[in-house]
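Listed below, chain by chain, are the residues.
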Amino acid sequence: MSYAERNITHRPVIEASGVRKSYGTTEVLRGLDLSLGPGVHALLGPNGAGKTTLVNILTTLVPHDEGRVTVLGMDTRTDARQIRHRISVTGQFAAVDEVLTGRENLVMMARLLGLGRRDARRRTDELLARFDLEQAADRAVRTYSGGMRRRLDLAVSLIWPPEVLFLDEPTTGLDTRSRLALWEQIRTLASEGTNVFLTTQYLEEADQLADQIAVLDQVRIVALGSAAHLKGLVGSEWVRALDGTGTVVREVPTDGTAADLARVSGDLAAADPTLRLELHRPTLDDAFLQLTGQPATRATGEGEDTTQTDQILETTR
């Protein structure tokens, strides 16, 4: 049972109603509605869909033009300061000082957040151990790999444990090993009770981590549900028949039962006994394509002013 299911009676962690946002004449969000309870939630969408804008609104970094947004029951317009004390944000790029060591970065941020010298050192030691950075703690961050920088950035976000952690494309640019290590940290945080809201263009990331997935397209949320629910929107399983060159020549839907698979394979074998058969189940990629009309391709940007966004994130840490 997911964390969200165990806490289904709790109030929504994030709520948005009728949200609109434009940059000049470009409308980014229109009439957006969203309600999320406790757990891990992923936001998917094509490039330029407005994912970073929505994160900036939810984290009080950017005001919305119309509608109402609450985080932990507090209004992002009137309760911004209270919200900021109870959340943490990690942007698309590591916002740490490359000249300082990992330890110095953590101690500095802990002191800025109000911890005394002893408590800052203690918390730093805890986080270095948790994120497997002890051996590199006294090296300048400029010598860190991309995965190490992301782990340090996440550690900085947890100096004061947040009730909601916002991660904007947390594994961008990481190799597979580093990505899996960060996934494990996110799972651990969720098991400890931290609510996580992440944007990603890696559909496998959303599939592996999220209790619920929201799909943002054409300035609004077009689907919301578990990965299994979104995959179910595509339809049932089907059998693919491939010829000797590996080309798909037929696709036949099936309910997945032994009897129906025997029927389908029998019909295909009767037509051409040389065909090679594959059972295909709907994937999140299939759902994304059906919902947005676009394949889930990896891209580097939102089509928005991400440079300005990153600067905002860094100055409000």
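From a predicted model like this one, the values you see are computed outputs, not experimental measurements. (Residues numbered from 1 in each chain as written. Predicted model: local features only at pLDDT ≥ 70, side-chain atom pairs only at ≥ 80, totals over all residues. Heavy atoms only, no water.)

Q: Quick rundown of the confidence of the model for the chain? Include the residues and the values.
A: Interpretation of the predicted coordinates at a detailed level should be avoided for regions scoring low in pLDDT. Taken residue by residue, the chain gives an average pLDDT of 86. The fraction at 70 or more is 89%. Per-residue pLDDT stays below 50 along residues 1-9; that stretch engages in twelve contacts with residues further than four places along the chain or on separate chains. Low pLDDT (under 50) marks residues 298-317, which in the prediction has 41 contacts with non-local residues, meaning those over four places away or in another chain. (pLDDT = per-residue confidence, 0-100. Contact = heavy atoms within 4.5 Å.)

Q: I'd like a description of unusual backbone geometry, backed by residues and values.
A: A positive phi angle is found at Thr-60, which is not glycine, with a value near 70 degrees. In this fold, Thr-60 is placed in the loop between helix H2 (51-58) and strand S4 (66-71). We note that Gln-218 has phi near 55 degrees; this positive angle belongs to a residue other than glycine. Along the chain, Gln-218 falls in the loop between strand S9 (212-217) and strand S10 (220-225). The exposure class of Gln-218 is exposed, given its relative accessible area of 60%. (Helix = DSSP H or I, 4+ residues; strand = E, 2+ residues; numbered from the N terminus. Buried < 20%, exposed > 50% of the residue type's maximum accessible area, 1.4 Å probe, protein only.)

Q: Can you lay out the packing of aromatic side chains for me, pointing to particular residues and giving the numbers?
A: Within the structure shown, the criterion is met by one aromatic pair. For Lys-21, the ring lying beneath its charged end belongs to Tyr-23, and the centroid distance is 5.3 Å. Over the ring of Tyr-202 we find Arg-179; its NZ or CZ atom is 4.2 Å from the centre of that ring. (Phe/Tyr/Trp six-rings, centres within 6.5 Å; stacked < 30°, edge-to-face > 60°. Lys NZ or Arg CZ within 6 Å of the ring centre and 35° of its normal.)

Q: If you had to explain a positive patch on the surface to someone new, which residues and values would you point to?
A: Taken together, the side chains of Arg-111, Arg-117, Arg-118 and Arg-121 make up a positively charged region of the molecular surface. With three residues, the single largest contributor to the positive patch is helix H5 (residues 117-130). In this structure, Arg-117 sits in helix H5. (Patch = residues over 30% accessible without salt bridge, like charges linked within 9 Å, V, L, I, M, F, W, Y side chains within 5 Å. Areas by Shrake-Rupley, 256 points an atom, 1.4 Å probe, with all protein chains shown as cover. Salt bridge = Lys/Arg side-chain N within 4 Å of Asp/Glu carboxyl O. Lys, Arg positive; Asp, Glu negative; His and termini not counted. Charge placed at Lys NZ, Arg CZ, Asp CG, Glu CD.)

Q: Run through the sheet that holds strand S1 (residues 14-23), naming residues and quoting values.
A: With antiparallel pairing, the four strands of this open sheet are ordered in space as S2-S1-S4-S5. The outermost strands of the open sheet, each flanked by one partner alone, are strand S2 (26-36) and strand S5 (74-75). As paired elements, S1 and S4 share five bridges and run antiparallel to each other. Bridged to Glu-15 within S4 is Thr-70. (Pairing = 2+ DSSP bridges.)

Q: Kindly report on the sheet that holds strand S7 (residues 164-168), identifying the contributing residues and their values.
A: Ordered by their spatial adjacency, six strands build an open sheet running S6-S7-S8-S3-S9-S10, and the pairing between neighbours is mixed. Each having just a single partner strand, strand S6 (87-90) and S10 make up the two edges of the open sheet. Taken over all neighbouring pairs, the strand axes of this sheet differ in orientation by 15 degrees on average, direction set aside. Bridge analysis of strand S3 (residues 40-44) against S9 gives four bridges, and the strand direction is parallel. Along S9, the bridge assignment pairs Leu-44 with Val-215. Against the sheet, H2 contacts S3, S7, strand S8 (195-199) and S9, and its axis sits at roughly 150 degrees relative to S8. Lying over the sheet, helix H11 (residues 284-292) contacts S3, S9 and S10, oriented at roughly 35 degrees with respect to S9. (Axes fitted to C-alpha atoms, helices over the stretch in contact; angles between N-to-C directions.)

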